[in-house]
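# Notes for the structure review
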Amino acid sequence: MFLTKRTSPVCIATLFVVLACLALVGLDSWRTWQAREDLLKEAAVDTSNMAQALAQHADQTYHEADLALQVLLEHVAEDGLGERSLQRIGRQLMAQVNELPQLHGLFMYDETGRWLVSSQRTLLTQYNNADRAYFIYHKQHNDMLPYVGAPVQSRSTGDWIFTISRRVNKPDGSFGGVVLATLSLNYFKNYYQSFNVGRRGAILFALNNGTTLIRRTVDTATTNKSLADVPIFRDYAAKSESGTVELVAVSDGELRINSYVHLRRYPMFMTVAVSKDEVLTNWRHDAYMRTIGVLFLAGVLATMGRRMVRQVKSQVRSEYEAVSARTKSDQLNATLVQLAMHDGLTGLPNRRHFDRTVAAELARQGKEKGALSLIMIDVDHFKLYNDIYGHTKGDECLKAVARAIGASRKRSRDLAARYGGEEFALVLPDCDIHGAMSLAYSVRQAVTDLHLPHSGAKSGHVTISVGVASLHPVQENDSVLALIEHADQALYQAKQSGRDRIVTYPGNLKIIDPTAPRKFAPARSRQKS
């Protein structure tokens, strides 16, 4: 027998205490390791969320600059390139640069690279930009899409700048020059400084061809470096849309957790990297302290059983407090997620919520062969409204319009969202074009009934233009982008037709206008300019 008559109670107690101490040490080691794994998972989620947020910010920043270029092209098409027209356009460019902090400047060059107009107070005619990469690209390519270029140094200021440009065509379709928006490196550098990635972390913003736009660390910011041989680009970002991976940096040998994601509209990607060693610093300190405490507890347990019980009770109480704190933290995180899905000004669901809802409803209707309709809404002459009444009144106007749109929903599944700026959207699952048109009319009438004064509008009050598109039934090959584009084309046609109208796509109905509020018309295809 293992226990003989000579086995004393002291030996039995000693064996029990030894086994209890070993179990305690083993359990603590497992928990410490599990805490380490949980911490690393949280760090991966945090870097991924930060990369997503920064990518969305960069995408919106470039999109605003691109919209400024499109406005410039429209002004040139409407007003021509006469001396008085160029002076007026120059003043408008200066105003736009003052409104958008990311803009370094707005420029237009003719087909020879000569400066025609810029946002600067003095037109620097001594410079010629025909040798710039973006100028050469547009000269050699006939498409009208925006071109995102590598970082360059401004000839007028010497600052490092990022560029986005569009081609200008002459009436016969030949190359007529380039319109250019430049974005300040310092804008991105200062913005990224507000994000904490640790002493050895980094934020990287780069083109899809591997050219660094900005790499921001706690102490430095670099630009115009090649990532061709850097593993995060070569092996990951160049091959997939997003992901999280641990990599050892070639430059300093630091092991980092890297999360990367590509921008939605432009050929760029964002990477956020944090040092794994820094992530584990607090965990390591806690692990050392816990190990010392457990060893001390194991020694005391040999002679003081009662003390061991008190320590266990104390540990249980600490665990309960930790769980309670974690539950409160989870509740706070859920609240933050809810806030992140709603627009801070109007209280409506925001663009992120809209994108998720449209994708989910399209997938569901595709399986059920149901209908899905989308209504795009634009507040007419809203920029002019801001110019006349000020941005505070403009915000109040948007809030009132948002309330009217939200109140027009007929079903709980219908989603009213702020699409961006003065644009709103209504997602209508299980709703065909006729039901969507009926709701569109109700929304338009509800906004009209607000009687918000607008001296710059023809009607004298705030109105909206509405585009309606429907998929019925939804097919497996239908896409969210196609539905949005159709609704946007209809909205564009409503604005082009005089505003304060409802236009459908596709359609065999007629335009709704102020004098005939129950007539509809199809939208023509919207041509890119």
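First, a word on scope: everything that follows refers to the structure included in this document. Numbers given to residues run from 1 along each chain, matching the order in which its sequence is written. Given that this is a predicted model, residues contribute local features only at a pLDDT of at least 70 and side-chain atom pairs are listed and counted only at 80 or more, while totals for whole chains, interfaces and linings are drawn from all residues. The side-chain quantities take in all heavy atoms of the structure and omit both hydrogens and water.

### Some words on the overall build of the protein
Secondary structure summary: the protein contains 13 helices and 16 strands in total. Exposure classes here rest on a 1.4 Å probe applied to the protein chains alone. A residue is buried below 20% of its type maximum, exposed above 50%, and partly exposed in between. Burial status across the protein gives 43% buried among its 529 residues. Whether two residues are in contact is decided by their heavy atoms, any of which lying within 4.5 Å being enough. Contacts in the protein between residues far apart in sequence, at least 24 positions, make up 59% of those at least 6 positions apart. In these tables, accessible area is a Shrake-Rupley quantity obtained with a 1.4 Å probe, and a residue counts as shielded only by the protein chains included in the view. A total accessible area of about 28,100 Å² is found for the protein, and carbon and sulfur atoms account for 54% of it. The numbering of helices and of strands both runs from the N terminus, where a helix is a DSSP run of H or I of at least 4 residues and a strand a run of E of at least 2.

### Digging into a nonpolar patch on the surface
Exposure above 30% relative accessible area and the lack of any salt bridge qualify a residue for a patch; like charges then connect within 9 Å, and the nonpolar side chains Val, Leu, Ile, Met, Phe, Trp and Tyr within 5 Å. Any carboxyl oxygen of Asp or Glu that lies within 4 Å of a side-chain nitrogen of Lys or Arg is treated as forming a salt bridge with it. Taken together, the side chains of Val-18, Leu-19 and Leu-22 make up a nonpolar region of the molecular surface, amounting to roughly 280 Å² of accessible area. With respect to the element layout, Leu-22 can be found in helix H1 (residues 9–79). The class of Leu-22 is exposed, set by a relative accessible area of 57%.

### Description of the nonpolar core
Within the largest apolar cluster, 53 residues are counted, with the highest numbers of intra-cluster contacts made by Tyr-62, Ile-164, Phe-188, Phe-205, Met-268 and Met-270. Put simply, buried Ala, Val, Leu, Ile, Met, Phe, Trp, Tyr and Cys residues joined by side-chain atoms within 4.5 Å make one nonpolar core. One finds Phe-424, Val-443, Val-462 and Val-466 within the second-largest nonpolar core, a separate group that totals 32 residues.

### What about the pattern of salt bridges?
A full pass over the atoms with the stated rule returns 26 salt bridges. A salt bridge links Arg-265 to Asp-59, with the shortest nitrogen-to-oxygen separation between them at 2.6 Å. Of this pair, Arg-265 sits in the loop between strand E10 (255–262) and strand E11 (268–275) while Asp-59 is found in helix H1, placing the two residues 206 residues apart along the sequence. Judged by relative accessible area, Arg-265 falls into the partly exposed class, the value being 31%. Glu-278 is the partner of Arg-200 in a salt bridge, and the nearest nitrogen-oxygen pair spans 3.6 Å. Taken as a pair, Arg-200 in the loop between helix H4 (185–193) and strand E6 (202–207) and Glu-278 in helix H6 (residues 276–279) lie far apart in primary sequence, 78 residues in all. Among the residues examined, Arg-200 registers a relative accessible area of 32% and is labelled partly exposed. Within the structure, one salt-bridge network assembled from shared partners comprises Arg-200, Glu-254, Asp-277, Glu-278 and Arg-284.

### Comments concerning the pairing of strand E4 (residues 160–169)
For E4, a buried count of eight out of ten residues is recorded, marking the element as mostly surrounded by other parts of the structure. When DSSP finds two or more bridges between two strands, those strands count as paired. Pairing of strand E3 (residues 147–153) with E4, which is carried by five bridges, proceeds in the antiparallel orientation. Note that in E4 the partner of Gln-153 across the bridge is Trp-160. Pairing between E4 and strand E5 (residues 175–184): nine bridges, direction antiparallel. Residue Asn-169 lies in a different strand from E5, and its bridge partner there is Phe-175. Here E4 hands over to E5 after five residues, with Gly-173 in that stretch at a positive phi of 90 degrees.

### Considering the environment of Val-76
Checked against the element boundaries, Val-76 lands in helix H1. Measuring from C-alpha to C-alpha, the distance between Val-76 and Ile-89 comes to 8.0 Å, with 13 residues separating the pair along the chain. Apart from residues no more than four positions distant in its own chain, Val-76 is found in contact with Leu-81, Ile-89 and Met-108.

### Some thoughts on helix H13 (residues 480–496)
Three or four residues apart is the spacing at which side chains of an α-helix point the same way, because the helix has 3.6 residues per turn. Taking 1.5 Å of rise per residue, 17 residues should cover 24 Å, and H13 covers 24 Å from first to last C-alpha, within 8% of that figure. For H13, every residue scored as buried is listed here: Leu-483, Ile-484, Ala-487, Gln-489, Ala-490, Leu-491, Gln-493 and Ala-494. Taken together, the buried residues of H13 touch helix H9 (351–368), strand E12 (372–379), strand E13 (415–420), strand E14 (423–429), strand E15 (464–471) and strand E16 (502–505). Downstream of H13 by a residue or two, Gly-498 has a phi angle that is positive, lying close to 120 degrees. To estimate the expected span of a helix, count its residues, drop one, and scale the result by 1.5 Å.

### Observations concerning the sheet that holds E6
Spatially, six strands are ordered E8-E7-E6-E11-E10-E9 in an open sheet, and the strand pairing comes out antiparallel. Every other strand in the sheet has two partners, leaving strand E8 (221–222) and strand E9 (242–248) as the edge strands with one partner each. Relative to E11, E6 is paired through six bridges, and the arrangement is antiparallel. In the strand pairing of E11, Leu-204 is matched with Thr-271.

### Considering the side chain of Thr-223
Tracing the backbone through its elements, the reader meets Thr-223 in the loop between E8 and helix H5 (231–237). N or O atoms within 3.5 Å of each other form a polar contact, as long as, within protein, one can give a hydrogen and the other can take it, and as long as residues adjacent in sequence are counted only when both atoms are side-chain atoms. A polar side-chain atom of Thr-223 sits 2.4 Å from the main-chain carbonyl oxygen of Leu-213. Ignoring sequence-local partners within four residues, the contact set of Thr-223 consists of Pro-151, Trp-160, Phe-162, Leu-185, Thr-212, Leu-213 and Ile-214.

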